[in-house]
Amino acid sequence: MKWLILFHVLGASVWMGGHLILAATFLPKALQEKNPVVIKTFEVQFERIGIPALLVQVITGVWMALIYVPFHEWMSLASVHHRLLWMKLGLLLGTLVLAIHARFFIIPKLSSQNLSGLAFHILLVTVLALSFVLVGLSFRFNFFAF
Ligand code: HEM
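Being a predicted model, the structure only gives us computed values, none of them experimental.

Rules used in this analysis
Residues numbered from 1 in each chain as written. Predicted model: local features only at pLDDT ≥ 70, side-chain atom pairs only at ≥ 80, totals over all residues. Heavy atoms only, no water. Helix = DSSP H or I, 4+ residues; strand = E, 2+ residues; numbered from the N terminus. Buried < 20%, exposed > 50% of the residue type's maximum accessible area, 1.4 Å probe, protein only. Contact = heavy atoms within 4.5 Å. Donors = N, O, S within 2.8 Å, 3.2 Å for Na, K, Ca; no water. Tetrahedral: all angles 85-135°; square planar, octahedral: opposite > 155°, others 65-115°. Phe/Tyr/Trp six-rings, centres within 6.5 Å; stacked < 30°, edge-to-face > 60°. Near = heavy atom within 4 Å. Polar contact = N/O pair within 3.5 Å; in protein donor to acceptor, adjacent residues only side chain to side chain. Nonpolar A, V, L, I, M, F, W, Y, C, P; charged D, E, K, R; others polar.

1. Some remarks on the side chain of His 8
Positionally, His 8 belongs in helix α1 (residues 2-33). Given the relative accessible area of 15%, His 8 is considered buried. Once residues lying within four places of it in the same chain are set aside, the contact partners of His 8 are Gln 57, Thr 60, Gly 61, Met 64 and Lys 88.

Laid out in structure tokens, this is it:
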């Protein structure tokens, strides 16, 4: 388990850290200059480490989740761990839907006109990433009153 957590925390550092840097530094600059190239340059570089990091999160996350909740019990919300697991799966679905929508409907025709649409995506994916961290830590240190 300790190795799974190590790789999960490393993956989380890349995913969370990358999106925080994008949202807090590159996005304000791009919006100020109305220049989508600022974000495109970051995205092209970040994807090379961001996508493998997300894959690590899914593999190590599902593996750890199976240790907390056996697969045949997944269709239940009986315990805190069941509920945290479904929150993680919901966050993953949200992240994938936003990523696919941005990749195929916003980025191909990115311009200063639709930059605000991408800005909304970036902020939402960053909030989902923060939620992943909070829900993840709650498996051991329950932050939620349920
Ligand atoms: C980008 C996506 C994700 C991020 C940023 C993330 C982040 C985190 C963080 C920071 C922790 C706390 C590690 C610790 O306790 O020291 C954690 C724990 C955990 N995560 Fe994730 N996670 C992600 C995706 C997933 C997915 C997709 C699943 C499974 C469906 C998952 C399942 C878990 C589990 C079971 C734990 C508890 C491990 C433990 O502390 O015992 N995670 N996550």
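Now that the structure has been shown, we can carry on.
2. Section: the coordination of the iron atom of the ligand
Octahedral metals with six donors have ideal donor angles of 90 or 180 degrees. Tetrahedral metals with four donors have an ideal donor angle of 109.5 degrees. Around the iron atom of the ligand, the protein supplies His 8 (NE2) and Lys 88 (NZ) as donor atoms, at distances of 2.0 to 2.1 Å. Of note is the iron atom of the ligand, whose six donor atoms meet at the metal with angles of 81 to 179 degrees in an arrangement that counts as octahedral. With His 8 in helix α1 and Lys 88 in helix α3 (residues 80-106), this pair connects stretches of sequence that are 80 residues apart. We note that His 8, like Lys 88, is buried.

3. Brief notes about the packing of aromatic side chains
Taken as a whole, this structure holds five aromatic pairs when the rule is applied. A ring pair is formed by Trp 15 and Phe 46, whose centres lie 6.2 Å apart and whose planes are at 45 degrees; its orientation type is tilted. One end of the pair, Trp 15, is in helix α1; the other, Phe 46, is in helix α2 (residues 37-68), and 31 residues separate them in sequence. Phe 46 shares its class with Trp 15; the two are buried.

4. Some remarks on the site of the ligand
Taken together, 21 residues form the shell around the ligand, and within it His 8, Gln 57, Tyr 68, Lys 88 and Arg 140 come nearest. A distance of 2.5 Å separates an oxygen atom of the ligand from a polar atom in the side chain of Tyr 68. Note that a nitrogen atom of the ligand is positioned 2.7 Å from one of the side-chain N or O atoms of Lys 88. Elements with a minimum of two residues in the shell around the ligand: α1, α2, α3 and α4 (115-137). Ranked by residues supplied to the shell around the ligand, first place goes to α2 with seven residues. Here the shell around the ligand is composed, by residue class, of 15 nonpolar, four polar and two charged.

Just geometry here; none of it tells us what the structure is for.
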